[in-house]
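Coordinate inspection notes
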Amino acid sequence: MEFRLHVIMVDPAGNRTAIVRDPVDPKYYAPIGAALLRIPELHAEQAGFLVKPVMGGEIRLEMSGGEFCGNATRSVGYLQASREGCRDGDLIPTEISGSPDVLNVRIDDDGAWCSMPLPLSVERLPVENPDYDPLHPESKTVLHVPLIVLDGISHAILYKTQCSETLGNAVIDAIRDNTGAAAGGAIFLDDEKHTMTPFVWVRSTGSRVWESSCGSGTLASAVWLSRGISDGLYRLELRQPGGNLHAEVEKKNGNIVCGRIGGPITIEEEKVFTVATPEN
C-alpha cells in the first residue's frame, strides 16, 4: 500500500525525528516508520504520528513503535510552540505514546526542556558475557547491569564501558527476553569524560540503532549517577554523538520527585513523500 505523507523533520541534538501530520491507521505506524527511516535524505532515526490529544494536552505524538521518547516529546512540544508563536519560558502540555501523563515542554532560547516520567524502579539486569570463550570456561560470567525502568522504555547503564555492538546486543537481548519493556537502551556512559552513547531498540519494529542522542537515556544516566544523593537537585550535561543534552533530577529523602531533560532543537521545512508498505 502507498501513502502520501506530509513529513516534518525535527532535530533534537541529532536524534532526527520524522513527524507525520497525516491521519494514518495505527496498524501502519511501524511499517511506515520503517519506510521513512530508509529514505536517505531524511537521515531519520525515528518516526512519530500526530494524533488528537486524549488527556487534555495541546498536542500528541504516537511513536511508530508505541514507545516513549523524551527527545520526541521535546520535539513535538517545540513544534507546537513554533506554530503558536510561543516565547521563552512558555509551557506546552504534551502527550506522547508510552507515557500515562501529560508532560510539560518548556520553551528555551535554542530549544526546549520537558518534564519526564519518574523511574518506576532501579533494578539489576543479568546479562550473559558476550565474550565467553568455550576454551576458557572461566570467562562464562554474568554481568549484573543497572537497569532504569521508565514508562515505555528501560535503559541499562554500561558505566565506563567501551562501546561495543556485541555487548550492546547482549544487553538488548536481555531486556527483550526478561522484561516487558516496549523499548530499551544500552547506554554507554562515562561521567568523567561527560560522554554518553546510546544503542536503542524498539520491540514492535525490532530496530536497533546507534542513536545520535537519547533523552530518556540521559535522564536514566542522571538517575543512576545521583543514587548517592538524598536531597537536592542533580544536574548533568552529556556530550553525545549528535550534540549535548542536559538532565536534572530533584530528590527528597532519597526519592526522585521530578526529572527533566533539555537541549537544542531545529525544525526543518515540511516535505511530502510517498512511501510503500507491505500489503499484509
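This report concerns the structure included in the present document. Residue positions are given per chain, counting from 1 as you read along its sequence in written order. At least 70 in pLDDT is required for a residue's local features to be given in this predicted model, at least 80 for side-chain atom pairs to be given and counted, and no such filter applies to totals for whole chains, interfaces and linings, which use all residues. Remark: hydrogens and water are excluded; side-chain values derive from all non-hydrogen atoms of the structure.

**A closer look at the overall build of the protein**
- Scanning the protein from terminus to terminus reveals four helices and 18 strands.
- Put simply, the radius of gyration uses C-alpha atoms, and a globule should come to 2.2 Å times the residue count raised to 0.38. Here the protein has a C-alpha radius of gyration of 19 Å; the compact-globule value for 280 residues is 19 Å, and the two agree.
- Along the longest, intermediate and shortest principal axes, the C-alpha atoms of the protein span 55 × 50 × 30 Å.
- Throughout, a residue-residue contact means that at least one pair of heavy atoms, one from each residue, lies within 4.5 Å. Contacts in the protein between residues at least 24 apart in sequence constitute 60% of all its contacts with a sequence separation of at least 6.
- Carbon and sulfur atoms provide 48% of the accessible area of the protein, an area that totals close to 12,500 Å².
- Positive charges come from Lys and Arg, negative ones from Asp and Glu, while His and the chain ends are left out of the count. To locate a charge, take NZ of a lysine, CZ of an arginine, CG of an aspartate or CD of a glutamate. Here the protein holds 25 positive side-chain charges and 38 negative ones, and the gap between their average locations is 2 Å. Starting at the N terminus, helices and strands are each numbered in turn, a helix being any DSSP run of H or I of at least four residues and a strand any DSSP run of E of at least two. Note on areas: Shrake-Rupley with a 1.4 Å probe; residue coverage comes only from the protein chains shown.

**Some details on the environment of Ile175**
- Positionally, Ile175 belongs in helix H3 (residues 165–178).
- The buried label goes to any residue with under 20% of its type's maximum accessible area, the exposed label to any with over 50%, and the partly exposed label to all in between, with areas taken from a 1.4 Å probe on protein chains only. According to the relative accessible area criterion, Ile175 is buried, its value standing at 0%.
- Remark: the alpha-carbon pair of Ile175 and Ala156, spanning 19 residues in sequence, is separated by 8.4 Å.

**A few points about helix H1 (residues 29–37)**
- Residues of H1 that are buried: Tyr29, Ile32, Gly33, Ala35 and Leu36. The buried residues of H1 occupy an angular sector of 160° when the element is viewed end-on, so they sit on one face.
- Where H1 is buried, its residues contact strand E1 (2–11), strand E2 (17–20), strand E3 (46–51), strand E4 (59–63) and strand E18 (271–276). The reported arc concerns the directions from the helix axis to the C-beta atoms and nothing else.

**A short note on the packing of aromatic side chains**
- Pairing of aromatic rings covers Phe, Tyr and the six-membered ring of Trp, with a centre-to-centre limit of 6.5 Å; geometry is then stacked below 30 degrees between planes, edge-to-face above 60, and tilted otherwise. Scanning the entire structure with this criterion turns up four aromatic pairs.
- Between Tyr29 and Phe49, the ring centres sit 4.3 Å apart and the planes meet at 15°, which makes this aromatic pair stacked. Residue Tyr29 is found in helix H1, and its partner Phe49 is found in strand E3; the two are separated by 20 residues along the sequence.
- Ring centres of Phe199 and Trp210 lie 4.6 Å apart, and the angle between their planes is 35°; on these two criteria the pair is classed as tilted. Placement of the pair is Phe199 in strand E12 (residues 195–202) and Trp210 in strand E13 (residues 208–210), with a sequence separation of 11 residues.

**Describing a nonpolar patch on the surface**
- A surface patch of nonpolar side chains, amounting to about 240 Å² of accessible area, comprises Val54, Met55 and Val102.
- Judged by its relative accessible area of 62%, Val54 is exposed. Patch rule: a residue counts if its relative accessible area is over 30% and it has no salt bridge; like charges are joined within 9 Å, and nonpolar side chains (Val, Leu, Ile, Met, Phe, Trp, Tyr) within 5 Å. Every case where a carboxyl oxygen of Asp or Glu lies within 4 Å of a side-chain nitrogen of Lys or Arg is listed as a salt bridge.

**Section: the pattern of salt bridges**
- Counted according to the given criterion, the structure contains 12 salt bridges.
- In this structure, Arg176 engages Asp173 in a salt bridge whose closest nitrogen and oxygen atoms are separated by 3.4 Å. Placement of both Arg176 and Asp173 in helix H3 is noted, with a separation of three residues, approximately one turn of the helix.
- On the basis of relative accessibility, which here comes to 33%, the residue Arg176 falls in the partly exposed class.
- On the accessibility criterion, Asp173 (27% relative accessible area) is partly exposed.
- Residues Glu248 and Arg260 are paired through a salt bridge, measuring 2.6 Å at the closest nitrogen-oxygen approach. One end of the pair, Glu248, is in strand E15 (residues 243–252); the other, Arg260, is in strand E16 (residues 255–264), and 12 residues separate them in sequence.
- Take Glu248: its relative accessible area is 13%, and that puts it in the buried class.
- One network of salt bridges, in which partners are shared, links Asp173, Arg176, Asp177 and Arg208.

Limitation: the analysis is restricted to geometry and does not speak to function.
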